[in-house]
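Here are the chains, one letter per residue:
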Amino acid sequence: MQEITTAIMAFSKKKPKQALVAGILVLVSLCCIGNSIFNPGSKQQVVPTDTPTIEPSSTKTNPPPTFTSTFTETVTFTPSITFTPSITFTPSITFTPSITLPATDLTSCIPANERIFASVLKVIDGDTIQVKFADGTTADVRYIGVDSPETEDPQGPSAKYANSKLLTTYKVILIKDVSETDNFGRMLAYVISNNKFVNYELVKSGWAVAKKYSPDIACATLFSSGQAIASTGKIGLWAPTPTVAVRIAPILVSTNTPSSGGSGSAVCDCSRDYNCSDFSTHNEAQACYVSCGSNNWSGLDSDGDGSACESLP
């Protein structure tokens with residue numbers, strides 16, 4: 001009995017209406033069974049009754065509510081830690097190329113200072129140029145230890161030409177001594193071009209003289225030796241000044257008086273004023289007249305016919 005009750009209760013939880021009908025039927029059945037047991041001698045006619053059959057209602061029942069568990073996620077923000085890197089600046093090292101100067105003792109006096117590349121824009125005079133550096137800046141460069149005539153001097157153009165001949169590639173290497181600039185703001189430098197020591201070559205060729213401008217005197221001895229070569233060879237500025245020969249047309253004066261020769265000619269002093277009476281014959285007068293230029297010279301041809309002293313025999 002207990003099992004039946006348990007089953008009914010379980011069924012009622014799933015289908016309560018159907019379970020109610022089934023329960024009624026069970027109770028009726030139990031009553032009948034009980035009556036039979038307690039009144040075995042009596043026969044009770046069971047009159048069928050029109051017991052309606054309860055059909056399960058097809059009415060759609062709403063399903064039990066479905067509980068949706070909505071989990072609200074608790075967002076925990078973990079701070080995004082941005083590490084600022086410790087920036088180590090690696091310096092941009094610009095290597096100055098190892099410039100090989102001309103293989104000669106002439107450049108051994110040049111200080112081991114920075115070698116600066118530049119392009120020649122203009123030759124200003126015998127010892128000054130204008131250059132352009134790699135960064136686009138420009139400067140006037142005065143040669144150290146030498147001095148050339150200015151452009152307006154008589155030998156200035158020749159010195160400027162000699163300088164330009166040493167700069168045929170228009171590429172130069174500039175090396176400073178002690179000073180940066182001179183009193184005029186020009187860069188002071190030893191100049192190498194086309195494997196030639198330009199400062200020295202100008203002195204050696206005689207188109208510059210050696211000059212000591214302290215404290216930039218590293219190559220002063222070399223420049224003095226170059227000047228000795230030029231002065232001994234009498235070249236450039238050391239060449240002797242040519243003597244200009246002035247030619248004056250000589251004035252030839254004849255001191256001879258008219259005289260007759262075997263040919264009847266006469267030699268006259270054209271500076272004198274002659275008369276026909278100074279001649280013995282027409283031929284003497286005519287010869288003198290022609291030798292002194294004719295054109296009625298000294299009035300010997302009064303009628304202008306080209307014949308002097310026609311009255312003489």
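Details of the structure are given in the entry above.
Everything numeric in this text was worked out from a predicted model, so none of it was measured. (Residues numbered from 1 in each chain as written. Predicted model: local features only at pLDDT ≥ 70, side-chain atom pairs only at ≥ 80, totals over all residues. Heavy atoms only, no water.)

> What should I look at first to understand the pairing of strand E1 (residues 115-125) in this one?
Successive side chains on a regular strand alternate, one facing one side of the sheet and the next facing the other. Pairing geometry for E1 and strand E5 (residues 171-175), over five bridges, is antiparallel. The residue of E5 that forms the bridge with Phe117 is Ile173. Pairing analysis gives five bridges linking E1 to strand E2 (residues 128-132), with the strands arranged antiparallel. Each bridged residue has a counterpart across the sheet, and for Ser119 the counterpart in E2 is Lys132. From the end of E1 to the start of E2, which pair antiparallel, there are two residues. (Pairing = 2+ DSSP bridges. Helix = DSSP H or I, 4+ residues; strand = E, 2+ residues; numbered from the N terminus.)

> Can you walk me through a nonpolar patch on the surface in this structure?
A grouping of Val26, Leu27 and Leu30 is seen on the molecular surface, where their side chains present a nonpolar patch of about 230 Å² in accessible area. Residue position: Leu27 is located in helix H2 (residues 16-38). Taking relative accessible area as the criterion, Leu27 reaches 54% and is therefore assigned exposed. (Patch = residues over 30% accessible without salt bridge, like charges linked within 9 Å, V, L, I, M, F, W, Y side chains within 5 Å. Areas by Shrake-Rupley, 256 points an atom, 1.4 Å probe, with all protein chains shown as cover. Salt bridge = Lys/Arg side-chain N within 4 Å of Asp/Glu carboxyl O. Buried < 20%, exposed > 50% of the residue type's maximum accessible area, 1.4 Å probe, protein only.)

> Looking at this model, I keep getting lost on unusual backbone geometry. Mind explaining?
Glycine aside, the phi torsion of most residues is negative, and most peptide linkages are trans. Here Ser214 and Pro215 are connected by a cis peptide whose omega angle stands at 10 degrees. When you line up the elements, Pro215 lands in the loop between strand E8 (209-210) and helix H5 (220-233). Phi is positive for Tyr170, close to 60 degrees, though the residue is something other than glycine. One non-glycine residue, Asn194, lies in positive phi territory at about 55 degrees. Within the secondary structure, Asn194 is located in the loop between strand E6 (187-193) and strand E7 (196-197). On the basis of relative accessible area, Asn194 is assigned to the partly exposed category, the value being 43%.

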